[in-house]
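# Tertiary structure, described
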Amino acid sequence: MESVALSRRSDLAGDAGAVDSGTLPPRLAGAFPGFFRHGRMIGLALLIAVLALLSLYPMAMLFHGSLHSAPPGIAGAYNLDGYAALASVENLVVLANTVGISLVKTALSLALAILLAWIVARTDTPARGALEVLITLPFFIPPILTATAWGMLGNAQVGTINLAWRWLTGLEAPLVNMFSYGGVIWHMMQYSTPFIFMFVVDAFRAMDPALEESSRMSGATRGQTFWRITFTLMLPVTTSAFILSFIRGIEAFESPIFFGTPVGIEVLTTKIYHLIYHQSQPQYQSATALGFAAMVLMFLLVAWQWRMLGGRSFTTVTGKGYSPNVMRLGWMRWLTFAICIAFFLATVALPLGQLLLSSFFRFFGVYQLDMLTLEHYRGVWRNREFWSACANTMILGVGGATVTMVLGAIVAYVTTRTRWHGRRLIDVLAWLPWMMPGMVLGVGFLWAFAMLPGGIPIYGTLWALLLAYIALGTPLAVRVTSSAYAQISNDIEECSRVHGASWWQTLWRILIALAWPAFAVGWVLTFFGIIRELSASILLYAPGSEVLSVVILKMWTGGKPEEVSVIGLFMLVLVLLIRWVQLRLIKNRISTL
Amino acid sequence: MLRRRWLAMAMFLALATPTWAQTDAQWQKVVEAAKKESKVLLYTAAVGHSQHKEVARGFEDKYGIRVEILEARPSEVRERVRIEQAAGRFLGDVHHNGSTTTWLMERDGAFQPHGGVPNARHMVPPYEVTELHVPSNVASFAILINTNLVKPADEPKSWKDLLDPKWSGKILSDDMRALGGGGLFFVVMHDTFGKAYHEKLAAQKPVFSRDLRNNERRTARGEYPLYLPFNLANYSSLTGLPIKVVIPAEGRPYVRNDLAVLKNAPHPNAARLLIHHFLEIESQLVYANSGGDPVVKGVIERTTGDMRPFLATKAMGTTVPERQDEMLELARQLYK
């Protein structure tokens, strides 16, 4: 067991621990040696070129912007003013706030998500299938809607929770106040917990329970087994999820702007927003410099993960057959069931109840019988711009998520299962867009696509949006698939090749087949990431190519939050549908649970 | 001698007459050329507002020229225009934005002379047409109160009443440290009452939120009794809620929106015609009926009854683009 679980990669040196030129399908490699040698070089070059276009090019535009006193196209001078301005007490406070909030919310979310994933994947808790879908729902609700709902539920003055608290206890002091550090963290957790949950739940499912059973038989307690075996084997996926979620926390905007700004809590993104949107002269140099400073911080984190995981093997899916089973909890399964339901009630039922209720009243949160109406549903139904945006978004969402996952799977394959020179560069290129706050990156895409030669018709078309979405989604796609690849033992690939399967056949029938659940999760995350993306969309769309996030922004700022609620509910129905299909597919293909 | 005088007079008249004035016949040629161009692209910072769409629909019905609209927030529109022009992509025709952003873009050379529109002669002071921009509509700001929480006797009568300690911690406000209604409020109060006004108001600990339309609902739900500055254009959409608009005795701050033709606009005649159409009485009525001051004469008397009292109040003051940065910095110092 241990040799499978925690063996050093150096122990595997000499075997087929990773694909190199010598491990190509022997028959094909023998037949077309030149083709494969050059094909690999061409493939690598092509991959680097694609990633460079998607991530390096807009980043280079932004880097130029951070070093130049004026944005591209305007005369100015090169200087370090943007970076020099970073060294201030005010920015240190902003940095401390950002890191502190993100760290706390990620740690809490990770703990909660691991607990929920374990309950759903490894125990006999009742209705686990339904719970799995319900737990992930908060992730798919537009943050502006849940923020509004939580603003109504948890404001200190007349929040529903506090009114109920006062009525029950007679106390004047509020029970909760969303407009505080706690409120910011709680709202962020509603997105990061299901995000991490989706990331780790299939890894839990794909783990051979024999490893845990051996531990138990060797005398370890249930807690020791969880910590030393289950948790340790989950390290690649949990650290990936932690880092992705931590970085997303640093880049979070809606929660701090909604609940932090009114009480003076400033974080990196609200500072950048202030520099770009609140000044008469947008401070792009300072904003981009701040973005790059954040990027360095995040890169250090990623490097830490590489260092921590480097040289260790975490394979749990081996050539040896295993029968995934679940832990019998006895009466405690009702306790685990209650934990899942409590999470659902707190993060879905409460805010969603507000949205659902509000969608039937003329005004958000004003529940009077004479204000009951279906007008918001009619309004959305009659809104031609909304339906046009829906069509554009579906095309971009389905196409973008699919292309992104394919690209992510290729990048993950190269970076985790080969020893090709240049794989680290590819990994870094794929990471870049995730490390730059979306608000700044959106400007980078605008500059990059607008500055392309006139003969390349990308700017102002759906292609610009598609490329931006692929770039933004690739880091997640790479993390999801590489975490899944890390769990698959190389001996299965070896076995396939020994039995005469080609490289492509092995890739398709072994790696992709086994990583399929993670691929499906990545697709869903990317798809909804595209649906929600606003920073780049608002700068790249053109009349006729509006997308849903832009239309939602227009409706929101146009004073139609009730219609946005209807759209939020519509999106939830879509989520339920897609998740149902996804889980059916996974169940049919992989899971026997 | 007499001939010389006539010549001098003719030269004076030629110089005094705006270069963009034209005869009916010349204007007809513009209209015909505009119809041949068949479409016009409007870049506007009025995200989600319905008024410009209604005006655009009227234009399409009247002239058969399609109006495409690109909406984004003020600095986003500005950056799109800037980078497009820098890259040699001249896509937009008409630009619609607040007067400060328009002023900055004029300074950047983003516009070309519009060439004049006949309806400019109906413009009312203090609004003025220049060679590069034409005022299109005016947004006015007041105080929104929750009628369940504020008794009629307690309603503020003056902007100075907000300094009464009873409102401490009870004022919800657009962010005064940012470009927008809050920034406008800061400038106008500063210019009217001085810096001391803001020092005292800051001591009242107003709560800032830039979620403007939600702020109105938060006030209506009773989270805060007062919200400022409230854009009158949103009043009609809140009918039925326990709210009331209060315009203090000193008047209401206002901000002008301008139209301009973008440099190398692909449809310059249609752009010019659209600007002309924005100044038609029926177009101005669209804005006036939703609480915006019209910029041409002959409109106020035709507005609906519930808006006329608001529009009859005094316009108090507006932003000064040249001082905007200085004011934002001062606001940041005072409201920490």
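Residues numbered from 1 in each chain as written. Chains lettered and ligands numbered in written order. Predicted model: local features only at pLDDT ≥ 70, side-chain atom pairs only at ≥ 80, totals over all residues. Heavy atoms only, no water.

## Focus: the overall build of chain A
When you go through chain A residue by residue, the secondary structure sums to 26 helices and 0 strands. Residues counted as buried form 58% of the 593 residues belonging to chain A. For chain A, long-range pairs separated by at least 24 residues make up 79% of all intrachain contacts whose partners lie at least 6 apart in sequence. Counting only carbon and sulfur atoms, one obtains 69% of the accessible surface of chain A, whose full area is about 23600 Å². (Helix = DSSP H or I, 4+ residues; strand = E, 2+ residues; numbered from the N terminus. Buried < 20%, exposed > 50% of the residue type's maximum accessible area, 1.4 Å probe, protein only. Contact = heavy atoms within 4.5 Å. Areas by Shrake-Rupley, 256 points an atom, 1.4 Å probe, with all protein chains shown as cover.)

## A word on the overall build of chain B
In terms of regular secondary structure, chain B is built from 12 helices and 11 strands. Scaling as 2.2 N^0.38, a compact globule of 336 residues should have a C-alpha radius of gyration of about 20 Å, and chain B matches this with 22 Å. The dimensions of chain B, computed from C-alpha atoms along their principal axes, are 70 × 50 × 45 Å. Within the span of chain B, comprising 336 residues, buried residues form 59% of the whole. A total of about 13800 Å² of accessible surface is found on chain B, and carbon and sulfur atoms cover 55% of it. The average position of the 44 basic charges and that of the 38 acidic charges among the side chains of chain B differ by 2 Å. (Rg over C-alpha atoms; globule rule 2.2 N^0.38 Å. Lys, Arg positive; Asp, Glu negative; His and termini not counted. Charge placed at Lys NZ, Arg CZ, Asp CG, Glu CD.)

## Examining the interface of chain A and chain B
In this assembly, 56 residues from chain A lie in contact with 49 residues from chain B. Among the residues of chain A in contact with chain B, H278(A), S280(A) and Y459(A) are the three that bury the most area, contributing 14% of the side total. Between chain A and chain B we count 1 salt bridge in total. One salt bridge in this structure joins R217(B) and E562(A), with 2.9 Å as the shortest N-O distance. Put simply, chain A and chain B have 21 residue pairs in polar contact (both at pLDDT 80 or more) between them. Looking at the side of chain A that touches chain B residue by residue, the class counts come to 36 nonpolar, 15 polar and 5 charged. (Buried area = accessible area lost by both parts, 1.4 Å probe. Salt bridge = Lys/Arg side-chain N within 4 Å of Asp/Glu carboxyl O. Polar contact = N/O pair within 3.5 Å; in protein donor to acceptor, adjacent residues only side chain to side chain. Nonpolar A, V, L, I, M, F, W, Y, C, P; charged D, E, K, R; others polar.)

## Focus: helix α25 (residues 548–557) of chain A
An α-helical segment advances 3.6 residues per turn. Residues three or four places apart therefore align on the same side. Residues and elements named next belong to chain A. Counting buried positions along α25 yields 9 of 10 residues, so the element is predominantly enclosed. Every buried residue belonging to α25 is among L548, S549, V550, V551, I552, L553, K554, M555 and W556, and all of these are buried. A positive backbone phi angle near 80 degrees is found at G559, which sits one or two residues after α25.

## Considering the domain arrangement of chain B
Residues and elements named next belong to chain B. Entries for chain B in the domain assignment read domain 1 (21–138 + 255–310) and domain 2 (139–254 + 312–334). Taking the mean C-alpha position of each, domain 1 and domain 2 sit 28 Å from one another. Taken together, both faces of the contact between domain 1 and domain 2 bury some 1600 Å²; the carbon and sulfur share is 57%. The largest contributions to the domain 1 side of the interface with domain 2 come from T100, V255 and F310, which together make up 41% of the buried area. Remark: the boundary between domain 1 and domain 2 carries 1 salt bridge. The partner of D293 in a salt bridge is R252, and the shortest N-O contact between them spans 2.5 Å. Applying the counting criterion to the domain 1 and domain 2 interface returns 9 residue pairs in polar contact (both at pLDDT 80 or more). When residues of the side of domain 1 that touches domain 2 are traced back to their parent elements, those giving at least two are α5 (99–108), β5 (133–146), β10 (252–262) and α11 (308–311). For the side of domain 1 that touches domain 2, the element with the highest residue contribution is α5, accounting for 4 residues. The class makeup of the residues in the side of domain 1 that touches domain 2 is 8 nonpolar, 7 polar and 3 charged. (Domains from an automatic or database assignment.)

## Observations concerning the side chain of R221(B)
Mapping R221(B) onto the fold places it in helix α8 (residues 212–221). No salt bridge is formed by the buried R221(B); the nearest opposite charge belongs to E223(B), separated by 4.6 Å. The contacts of R221(B), once residues within four sequence positions are left out, are M152(A), V158(A), F364(A), G365(A), V366(A), N146(B) and N214(B).

## Remarks on the confidence of the model for chain B
All names here are of chain B. Mean pLDDT for chain B: 90, with 93% of residues reaching 70 or above. The low-confidence segment residues 12–17 (pLDDT under 50) makes 0 contacts with residues lying over four places distant or belonging to another chain. For this predicted complex, the interface confidence reaches an ipTM of 0.81, while the overall pTM sits at 0.82. (pLDDT = per-residue confidence, 0-100.)

## Considerations on the environment of H276(B)
All names here are of chain B. One can find H276 in helix α9 (residues 268–278). You can call H276 buried: its relative accessible area is 6%. Setting aside chain neighbours within four positions, we find H276 in contact with W27, Y63, V117, P118 and N119.

## Here we look at the nonpolar core
Grouped together as the largest cluster of nonpolar side chains are 177 residues, with contacts concentrated most on F195(A), F197(A), F199(A), W431(A), F445(A) and F449(A). If we ignore the near neighbours within four places in the chain, the residues touching F195(A) are F139(A), L244(A), S245(A), W434(A), L476(A) and L525(A). (Core = buried A, V, L, I, M, F, W, Y, C linked by side-chain atoms within 4.5 Å.)

## Points about the pairing of β5(B)
Residues and elements named next belong to chain B. With 14 of 14 residues buried, β5 lies mostly within the body of the structure. Here β5 runs beside β10; their pairing, made up of 7 bridges, is antiparallel. Bridging from a neighbouring strand, S140 pairs with Y254 of β10. Pairing of β5 with strand β8 (residues 226–231), which is carried by 4 bridges, proceeds in the antiparallel orientation. Opposite A142, over in β8, you have F230 as the bridge partner. Bridge count for β5 against strand β9 (residues 243–246) is 4 bridges, and the pairing is antiparallel. In the sheet register, I145 faces β9, and the bridge partner there is K244. (Pairing = 2+ DSSP bridges.)

## Focus: the packing of helix α4 (residues 74–86) of chain B against α5(B)
Residue and element names in this part refer to chain B. For the pair α4 and α5, interaxial distance at closest approach is 11 Å and the crossing angle is 15 degrees. Considering the angle they form, α4 stands roughly parallel to α5. When you trace α4 past α5, the crossing you get is right-handed. Note on element contacts: α5 touches α4 through T101, L104, M105 and D108, opposite P74, R78 and V81. The residue makeup of the contact of α4 with α5, split by class, is 4 nonpolar, 1 polar and 2 charged. (Axes fitted to C-alpha atoms, helices over the stretch in contact; angles between N-to-C directions. Parallel < 35°, antiparallel > 145°, perpendicular 65-115°, else oblique. Left-handed = near helix turned anticlockwise from the far one by under 90°.)

## Side note on the side chain of S545(A)
Residues and elements named next belong to chain A. In this structure, S545 sits in the loop between α24 (535–540) and α25. On the basis of relative accessibility, which here comes to 5%, the residue S545 falls in the buried class. Among all residues touching S545, those that are not within four sequence positions of it are N392, L462 and L465.

## What about unusual backbone geometry?
All names here are of chain B. Residues P125 and P126 are joined by a peptide bond in cis, for which omega reads 5 degrees. On the secondary structure map, P126 appears in the loop between β4 (111–112) and β5. Look at the link from L228 to P229: it is a cis peptide, with omega at -15 degrees. Of note, P229 is situated in strand β8. The backbone of S38 sits at a positive phi, close to 65 degrees, despite the residue not being glycine. Within the secondary structure layout, S38 lies in the loop between α2 (24–37) and β1 (39–44). Even without being glycine, N264 reaches a positive phi, approximately 55 degrees.

## Brief notes about a nonpolar patch on the surface
All names here are of chain A. Taken together, the side chains of L356, F360, L369, L372 and L374 make up a nonpolar region of the molecular surface, amounting to roughly 490 Å² of accessible area. Checked against the element boundaries, F360 lands in the loop between α16 (332–358) and α17 (375–382). You can call F360 partly exposed: its relative accessible area is 30%. (Patch = residues over 30% accessible without salt bridge, like charges linked within 9 Å, V, L, I, M, F, W, Y side chains within 5 Å.)

## Observations regarding the confidence of the model for chain A
Residue and element names in this part refer to chain A. Overall, the predicted model of chain A reaches an average pLDDT of 83, with 89% of residues at or above 70. The spread of mean pLDDT over the elements of chain A runs between helix α1 (residues 2–5), the lowest at 34, and α17, the highest at 94. Here residues 1–25 is a poorly scored stretch, pLDDT under 50, and it has 52 contacts once near neighbours within four places are set aside; other chains count.

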